[in-house]
Amino acid sequence: MDPYKVLGVNRDATQEEIRAAYLALVKKYHPDRYQDPSLKDLADERLKEINEAYDLLTKRSAASSNGGASGYSEAGYSGQGGSYSGPNAAEFARARALVNANDLEGAKRVLDSIQTRNAEWYYLYGIISLREGWYDRARDFIGRAYFAEPGNPEYAQAYKTLQNTGNPYSRSSSYGGSSRSCSGCDVCGGLLCADCCCECMGGDLIRCC
Amino acid sequence: MSGGPPVHSKKRGAPLPFWNSVLKYISGAGEGRTMFGYVTPEKNELKVRELARYRAYYCGLCRAIGDGYGEAARLFLNYDCAFAAILLCGLNREGDACVLRRCAYKPLGKKEPVMPPNEQLEAAADLNVILAWHKLGDDARDERSPKAAGGRLLLAGAHKKARRKRPALDDAVAEGLAELAALERRDCRELDAPADAFGRTLRRCFEHFSDGLGSMRPAMASLGYNLGKWIYLIDAWEDRARDAKLGSYNAFIAAGADAERAGFLMNYSLNEAIAAYQLLSLASNAEILDNIMLTGCTARTLSALGGERTNGPI
């Protein structure tokens, strides 16, 4: 393995450049970007390689780092969550386990057998739809779960990630850029606005106007 | 947007107004519901050498179609299959050198860089012929378009040959589009369903060309699926007015979806395609492919949703 090639930096790159490239790559292959388990595995493989390359280039000894310990390590799928304890708790737990095992058809069958259409039902069905590529339905269902129980961190997180991925891609923010850029116009506008406010209060921020 | 060989003959090469209009007429068969030509680079962001290379692949694909399937089949060349050619070459080959050739359609023009024939260009040529054939079949049936019927006559021999070479691919496309046609016939109101059918069709195409890619196969499958969804959605979105006028099926009209919902779906599908694309390790062509996937398609989505078109002809 050529660590420079893995990180996509020149051989004379500085430590800062290496770190910047490393952080960008970690963001790019972040497991949260991949719903499909087989793609997640591929991304994990990439991350492992990137961590190894980074360790090599930052002169850490291979023994002390031992895999991803010193670099980024995967947080794991949040599927262990589910503090759900309403009606049909056993069925919902079974559906969730099936979703985690990527048995989407099985999970759907379990959910179809449940009469209660509560937030948990919509959330799990939404996650299944997302994995199956039915993004329109996924947003509808996960949205219903989120709006029914806005306090549930799992629903909120899923809804937020979903909305972010539905934003146009921007290179700087790696995926679904949610950050708003600040253009020159925004800066000037802000200054003029501040100036007006100051003048109202008797002061002045920009002398000439 | 669907191609045909003399794409930039307006500025360079011989003016062949008559021949060109004939070509345009035939290759634009079934105009409107084009379904081709969405996966293109953002030209303004390409380096000059990258643009030259992109064109070299386009010319190379055109020649591969001509060599494999005869002159008439070249009329159905499209940009999406040029993307497929660049992707397959990028995955399987170190950077090849171009050769200088003169285009037969521009006999007075300069020699231009062209990608010499290879296995991947041939594969993309097969895909181009098969997709174009089934697309024409749909148009001839659904819209009773005489142009599409004429195009089908022109392409019949080529398709027969392509089918003999890749029966599995031909079946995959035929089945996928038949499923899509069935959904359209029953006026499906669920936006996800037709996009999913077209996505699965393109996924099978991408899987067909994933031999020897090992662990990258799922990434290719996901790229094909999500790119297919994106193409279907953007095409349907832009055809709303036309479909409303003709009274033909349109997924967005049937679902009563607005621009916000359309934008979410297009961006989501494209972002998933990008995420899958970024898992592929490329041996070459990374700059062009990055441009197409990260910039070109994103800009195309925005322009479909009402933004300004920034990209000139390629």
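Up top is the structure.
Here we summarise the structure given alongside this text. (Residues numbered from 1 in each chain as written. Chains lettered and ligands numbered in written order. Predicted model: local features only at pLDDT ≥ 70, side-chain atom pairs only at ≥ 80, totals over all residues. Heavy atoms only, no water.)

### Regarding the overall build of chain A
The cut-off we apply is this: Only DSSP runs of H or I with at least four residues qualify as helices, and only runs of E with at least two residues qualify as strands; both kinds are numbered from the N terminus onward. Accessible area is worked out with a 1.4 Å probe on protein chains only. A residue is then buried under 20% of its type maximum, exposed over 50%, and partly exposed in between. Note that accessible areas follow from Shrake-Rupley with a 1.4 Å probe, and for residues the cover is restricted to the protein chains shown.
For chain A, the count of helices and strands is 10 helices and 0 strands. Starting at the N terminus and ending at the C terminus, chain A contains elements arranged as α-α-α-α-α-α-α-α-α-α. Counting the 209 residues in chain A, one finds 39% classified as buried. Working note: accessible area of chain A is about 11600 Å², and carbon and sulfur atoms make up 53% of it.

### Quick notes on the environment of Leu-136 of chain B
Residues and elements named next belong to chain B. Here Leu-136 shows up in helix H4 (residues 119–142). By relative accessible area, Leu-136 is classed as buried at 4%. Leu-136 sits 157 residues away from Met-293 along the chain, and the two C-alpha atoms are 27 Å apart.

### Let's talk about the packing of aromatic side chains
Residues and elements named next belong to chain A. Filter applied, for reference: What counts as a ring pair is set by centres within 6.5 Å for rings of Phe, Tyr and Trp (its six-membered ring), and what kind of pair is set by the plane angle: stacked under 30 degrees, edge-to-face over 60, tilted for all other angles.
Applying the stated criterion across every chain yields a total of 16 aromatic pairs over all chains. Ring geometry for Tyr-123 and Tyr-155: centres 4.9 Å apart, planes at 35°, overall tilted. In this pair, Tyr-123 is assigned in helix H7 (residues 119–132) and Tyr-155 in helix H9 (residues 153–165), connecting sequence segments 32 residues apart. Across the pair, Tyr-155 and Tyr-123 agree in class, each one buried. For the pair Tyr-125 and Phe-141, a centre-to-centre distance of 5.8 Å together with 80° between the ring planes defines the contact as edge-to-face. Of the two residues, Tyr-125 is situated in helix H7 and Phe-141 in helix H8 (residues 135–148); the sequence distance between them amounts to 16 residues. Looking at Phe-141, the relative accessible area reads 12%, which means it is buried. Put simply, the rings of Trp-121, Tyr-122, Tyr-125 and Phe-141 touch in pairs and so form one group of aromatic residues.

### Some remarks on the nonpolar core
Using the following cut-off: Take the buried residues of types Ala, Val, Leu, Ile, Met, Phe, Trp, Tyr and Cys, join any two whose side-chain atoms come within 4.5 Å, and each joined set is a nonpolar core. Contacts are assigned to residue pairs with any non-hydrogen atoms lying within 4.5 Å of each other.
In this structure, Leu-7 of chain A together with Leu-223 and Trp-230 of chain B are the most contacted members of the largest nonpolar core, which totals 147 residues. With 12 residues, the top contributor of residues to this core is helix H8 (residues 217–238) of chain B. In contact with Trp-230 of chain B, other than residues within four places in its own chain, are Tyr-38, Val-39, Met-266, Ser-269, Leu-270, Cys-297, Arg-300 and Thr-301 of chain B.

### Overview of the interface of chain A and chain B
So the rule is basically this: By buried area we mean the combined loss of accessible area, with a 1.4 Å probe, across both parts when two parts are placed together. We count a salt bridge whenever a side-chain nitrogen from Lys or Arg sits within 4 Å of a carboxyl oxygen from Asp or Glu.
In this complex, chain A contributes 28 residues to the contact, which on the side of chain B involves 36 residues. Together, the buried faces of chain A and chain B total about 2800 Å²; carbon and sulfur atoms form 54% of this surface. Considering only the side of chain A, the residues that lose the most area to chain B are Tyr-135, Asp-136 and Tyr-169 of chain A, jointly responsible for 26% of the buried surface there. Linking chain A with chain B are 3 salt bridges, by the criterion used here. In this structure, Arg-137 of chain A and Glu-190 of chain B form a salt bridge, with 2.9 Å as the shortest nitrogen-oxygen distance.

### Thoughts on the pattern of salt bridges
Taken as a whole and assessed by the stated rule, the structure comprises 25 salt bridges over all chains. A salt bridge links Lys-108 of chain A to Glu-105 of chain A, with the shortest nitrogen-to-oxygen separation between them at 3.8 Å. Of this pair, Lys-108 of chain A and Glu-105 of chain A both sit in helix H6 (residues 104–113), 3 residues apart, which is roughly one turn of the helix. Residues Glu-260 of chain B and Arg-139 of chain A are paired through a salt bridge, measuring 3.0 Å at the closest nitrogen-oxygen approach. Note that Glu-260 of chain B is positioned in helix H11 (residues 259–277) and Arg-139 of chain A in helix H8, a pairing that runs across two chains. Residue Glu-260 of chain B is classed as partly exposed on the basis of its relative accessible area of 48%. Relative accessible area serves as the criterion here: at 12%, Arg-139 of chain A is assigned to the buried category. Among the ionic contacts, a cluster of salt bridges with common partners joins Glu-122, Asp-126, Lys-165 and Arg-166 of chain B.

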